[in-house]
Structure formats: structure tokens, C-alpha cells
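# Notes for the structure review
Spelled out, the chains give:
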Amino acid sequence: MAPKLLNDEISAQIRALFEAHLVYPVKLVYFTKKADCDTCEATQQLYSELVSLSNKLSMSEYLLEESPQQAQKFNVSLAPSLIIAGRDNDEQLDYGLRFIGIPTGYEFSALIQAIRMVSVRDSGLTPETRNELAAVSRPMHFQVFVTPT
Amino acid sequence: MIVANEFYDLAMRYNVSGVPQTNINENAGVVIGAVPEEYMLQELIKVLQEMTIPVS
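Rules used in this analysis
- Sequence order as written defines the numbering, with residues in each chain counted from 1.
- Each chain gets a letter, beginning with A, and each ligand a number, beginning with 1, in the order they are written.
- Restriction of local features to residues with pLDDT of at least 70 applies here, the model being predicted, together with a cutoff of 80 or more for giving and counting side-chain atom pairs; totals for whole chains, interfaces and linings are based on all residues.
- Hydrogens and water are ignored here; the side-chain numbers use all heavy atoms of the structure.
- Only the contacting stretch of a helix is used when fitting its axis, a line to C-alpha atoms as for every element, and angles between N-to-C directions run 0 to 180 degrees.
- Secondary structure elements are defined from DSSP: runs of H or I of at least 4 residues count as helices, runs of E of at least 2 residues count as strands, and each element is numbered from the N terminus.
- Between 65 and 115 degrees an angle is taken as roughly perpendicular, under 35 as roughly parallel, over 145 as roughly antiparallel, and anywhere else as oblique.
- Each crossing is labelled by how the near helix is turned from the far one, with a counterclockwise turn of less than a right angle marking it left-handed and a clockwise turn marking it right-handed.
- Throughout, a residue-residue contact means that at least one pair of heavy atoms, one from each residue, lies within 4.5 Å.
- Each residue receives one of three labels: charged for Asp, Glu, Lys and Arg, nonpolar for Ala, Val, Leu, Ile, Met, Phe, Trp, Tyr, Cys and Pro, and polar for the others, Gly being one of them.
- The working definition used for a salt bridge is a side-chain nitrogen of Lys or Arg within 4 Å of a carboxyl oxygen of Asp or Glu.
- Any residue under 20% of the maximum accessible area for its type is buried, any over 50% is exposed, and the rest in between are partly exposed; the area is computed with a 1.4 Å probe on protein chains only.
- Two rings from Phe, Tyr or Trp (for Trp, the six-membered ring) form a pair when their centres sit within 6.5 Å of each other. Planes less than 30 degrees apart are called stacked, planes more than 60 degrees apart edge-to-face, and all others tilted.
- Geometrically, a lysine NZ or arginine CZ counts as sitting over a ring once it is within 6 Å of the ring centre and also within 35 degrees of the ring normal.
- The pLDDT value expresses, per residue, how confident the predictor is, ranging between 0 and 100.
- Once two parts are joined, some of their accessible surface, as seen by a 1.4 Å probe, is lost; buried area is that loss totalled over both.
- Identification of polar contacts relies on pairs of N or O atoms within 3.5 Å, with a donor-acceptor requirement for protein atoms, meaning one able to donate a hydrogen and the other able to accept it, and with residues adjacent in sequence counted only if both atoms are side-chain atoms.
- Strand pairing follows a simple DSSP-based rule, namely that at least 2 bridges must link the two strands.

Turning our eyes to something else, we now look at the packing of helix α5 (residues 127-134) of chain A against helix α2 (residues 37-52) of chain B. Running from amino to carboxyl end, α5(A) crosses α2(B) at an angle of 15°, the nearest separation of the two axes being 10 Å. Between α5(A) and α2(B), the angle falls in the class roughly parallel. Once α5(A) is placed against α2(B), the crossing between them reads as left-handed. In contact with Thr129(A), Glu132(A) and Leu133(A) of α5(A), α2(B) contributes Glu37(B), Leu41(B), Leu44(B) and Ile45(B). In terms of residue class, the contact of α5(A) with α2(B) is built from four nonpolar, one polar and two charged.

Another aspect to go through is the pattern of salt bridges. Under the criterion given, the structure shown has four salt bridges over all chains. Across the salt bridge formed by Glu66(A) and Lys34(A), the nearest N and O atoms sit 2.9 Å from each other. On the criterion of sequence distance, the pair formed by Glu66(A) in the loop between β2 (57-63) and α3 (68-73) and Lys34(A) in the loop between β1 (26-32) and α2 (40-51) is long-range, its members being 32 residues apart. Each of the two residues, Glu66(A) as well as Lys34(A), counts as exposed. Lys46(B) serves as the salt-bridge partner of Glu43(B), at 3.3 Å between the closest nitrogen and oxygen. Taken together, the positions of Glu43(B) and Lys46(B), both in helix α2 and three residues apart, correspond to about one turn of that helix.

Below, the discussion takes up unusual backbone geometry. Pro80(A) follows Ala79(A) through a cis peptide bond whose omega is 0°. Relative to the elements of secondary structure, Pro80(A) occurs in the loop between α3 and β3 (81-88). For the peptide bond that leads from Val19(B) to Pro20(B), omega is -5°, which places it in the cis range. Mapped onto the elements, Pro20(B) comes out in the loop between α1 (8-13) and β2 (21-24). Positive phi, normally seen in glycine, also occurs at Arg121(A), with a value near 55°. By secondary structure assignment, the location of Arg121(A) is in the loop between α4 (106-120) and α5. The backbone phi angle of Asn25(B) is positive, close to 45°, even though this residue is not glycine. Looking at where Asn25(B) falls in the secondary structure, it is placed in the loop between β2 and β3 (29-32).

Residues and elements named next belong to chain A. Counted by the stated rule, this structure contains four aromatic pairs over all chains. Arranged with centres 5.4 Å apart and planes meeting at 80°, the rings of tyrosine 30 and tyrosine 47 form a pair that is edge-to-face. In this pair, tyrosine 30 sits in strand β1 while tyrosine 47 sits in helix α2, placing the two residues 17 residues apart along the sequence. Tyrosine 47 matches tyrosine 30 in its accessibility class, with the two residues each being buried. The rings of Phe31, Tyr62 and Phe74 are connected pair by pair, giving a single aromatic cluster. It is arginine 121 that lies over the ring of tyrosine 24; its NZ or CZ is 3.7 Å from the centre.

Bringing the confidence of the model for chain B into the picture now. All names here are of chain B. Considering every residue of chain B, the mean pLDDT works out to 93; 96% of them sit at 70 or more. Element-level mean pLDDT values for chain B span from 94 in α2 up to 98 in β2. Note on the complex model: pTM 0.94, ipTM 0.93.

In this section: the interface of chain A and chain B. Opposite the 28 residues of chain A that make contact, chain B presents 28 residues. Summed over both sides, the interface between chain A and chain B buries roughly 2700 Å², with carbon and sulfur atoms accounting for 65% of that surface. Ranking the residues of chain A by area buried against chain B places Phe142(A), Gln143(A) and Phe145(A) at the top, with a combined share of 28%. Inspection of the region where chain A meets chain B yields 15 residue pairs in polar contact (both at pLDDT 80 or more). A total of five residues in the side of chain A that touches chain B trace back to one element, the largest contributor, which is strand β6 (residues 142-146) of chain A. The residue inventory of the side of chain A that touches chain B, partitioned by class, reads 16 nonpolar, eight polar and four charged. Inspection of the sheet shows β6(A) paired to β2(B) by four bridges, in the antiparallel sense. In the strand pairing of β2(B), Val144(A) is matched with Thr22(B).

Encoded structure:
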């Protein structure tokens, strides 16, 4: 078995943070690839370790090459991709949040924050922003490019 | 969120020069750097307005 990516100290911190802040269940949907993916294995391990730190988290995994229907359902064409969805009994609440690539460094914090936001079902945006967004009737696609820090 | 150096083709397609770079509806809006929420909202509003202006 590969050595853990999250050491005991970090794991304990995240466990405590999840314990303190997660409210509703969060469903992670992970798309991986068998071939031509340098980071898929490590990313899968990272997410598995993360899911093990809270009973509010669960994860489904799909092989991109073998799951065209699921890939289409979640509009995924790249791997590794993670969908961070809410869960309401059997219903998945897809807020459109996607992490594509391995979230390391600062992006790992962003991932933890994204999980927390989905779990509390609150974006944390200001009332002014929410007011403006309420009038938006067209789909808006935000792509945030990052590099490991 | 997209890790630019893992998806070089995508980063090239969107001319990623500095990170974080946020593209709204492909290249309709581009924000480079970590900006306040208000600034991001203004960019979104700008993109929306451009969508609704008829091209004559």
C-alpha cells in the first residue's frame, strides 16, 4: 500500500474541521482514467483519504473510458475530475463545482472549503452578490485556472 | 478549478498567462489574479450585458 498522502497531523486537523463544520452529506463523484494520466492515481488516493475522515462524505468512482453515460451526465471529459455535490437522501445536488487535476498546495485548502460550502449549502456570498445573481437566467461557466503553489 | 499545467492544451486555448485566471463563458470574460467578490461580480455583469446586446 502506498504511504499516506495526508500525514497523521494533517488528517487529525481535517477530521476536526469536518467534525466542526460539515452539516449535510456531501457526495464526491470521481472520474479517473487508466491510461495517459500522470496524476490520477495520487488524486484517487488523496480523495479516498479525505472521504475516510468524515462519515458525512461519500464517493463514487468512474473510469472515464468505460462510463460515457456518467461522464455525459456530469459533463466531464477530463481526468482526474471531481464533482463536489450535495446529497439529499437519494437526490444529488449538483452545484456545478468541479476540480480538474490534482489539488495540491493552496488548492487543497480550496477543495476543503468547497466541501464545507456544499455541506452547509451556503456559498458565503454577500447579499448584494446574491441579489445580482438571482437575476441571472442564463448558464454561466466559470473556469478558474491555477498552478500548484 | 483546473490545474493549468496538467491540462496544457486547455491553458493554451484560453491564453492562461497568470494564475489564478478565471474565464467566464469561454473567453467572454477574463479575470487574472485573485480578486474581490465585487470585482468578479462586475465581470459577470459585463459578460451578461454583452450577451444581451444584439449584434448589428
